[in-house]
Amino acid sequence: EGQGRAAFEHAASSGRAVIEALLELGLADEDALVAFAQSRLLIPRVRDVVLGRVPATTWGLIPGELAWRTLAMPISLDDAGNLTIALADPTDSEAVDALAKHTRAYVIRAVAPLAALRAMMTARYGPREALDPAATQPGMIREAHARAIP
């Protein structure tokens, strides 16, 4: 109970997601969290190599700020308009709702390791600090993300 409370407090004070707090505090193993979500929620696991193959037309469905805020990245859009999204925390209903509202698609949840999502989001959208005001430390000046996304 004390460790869970510490994770929630750390998340609240740092402006990070609870899953980030769990990992930053060393209270959970990333692979174990992903395996747990995959088995308990009966959802697919998205591996690093799959994240790297997502075409620009798909990852472009979600703006960088929203991707960083929800720790999520679109993976595929099927012919029926269902959007599969890899999330660091697939239990985050607020994130799923925000993604569904923005894309106007039915969101199919998948889980991916936070480190892999961070790496791919940095490559695709740019650094978190340049896009997500909540990720910056108080008093820091944010630089605009002006480079073209490959």
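1. Structural notes on the side chain of threonine 103
And step 1. Topologically, threonine 103 is positioned in helix α7 (residues 93-103).
And step 2. A polar side-chain atom of threonine 103 sits 2.8 Å from the main-chain carbonyl oxygen of leucine 99.
And step 3. Look past the residues within four positions of threonine 103 in its chain and what remains in contact with it is Leu61, Ile62 and Leu83.

2. Let's talk about the nonpolar core
And step 1. In this structure, Leu51, Met73, Ile85, Leu99, Leu117, Met121 and Tyr125 are the most contacted members of the largest nonpolar core, which totals 32 residues.
And step 2. Sorting the residues of this core by element identifies α6 (64-70), β1 (72-77), β2 (82-87), α7, β3 (106-111) and α8 (114-125) as the ones contributing at least two each.
And step 3. Sort the elements by how many residues they give to this core and α8 lands first, with 6 residues.

3. What to know about the pairing of β2
And step 1. In terms of burial, β2 is largely enclosed, as 6 of its 6 residues are buried.
And step 2. Of the two faces of β2, both are covered, the one formed by Asn82, Thr84 and Ala86 as well as the one formed by Leu83, Ile85 and Leu87.
And step 3. Here β1 pairs with β2 via 5 bridges, running antiparallel. Looking at the pairing, leucine 77 lines up with leucine 83 of β2.
And step 4. Here β1 folds back onto β2 in antiparallel fashion, the turn holding 4 residues, of which glycine 81 has a positive phi close to 90 degrees.
And step 5. Judged from the 6 bridges that link them, β2 and β3 form a sheet pairing that is parallel. Directly across from isoleucine 85, in β3, lies its bridge partner arginine 109.

Cut-offs applied
Residues numbered from 1 in each chain as written. Predicted model: local features only at pLDDT ≥ 70, side-chain atom pairs only at ≥ 80, totals over all residues. Heavy atoms only, no water. Helix = DSSP H or I, 4+ residues; strand = E, 2+ residues; numbered from the N terminus. Polar contact = N/O pair within 3.5 Å; in protein donor to acceptor, adjacent residues only side chain to side chain. Contact = heavy atoms within 4.5 Å. Core = buried A, V, L, I, M, F, W, Y, C linked by side-chain atoms within 4.5 Å. Buried < 20%, exposed > 50% of the residue type's maximum accessible area, 1.4 Å probe, protein only. Pairing = 2+ DSSP bridges.

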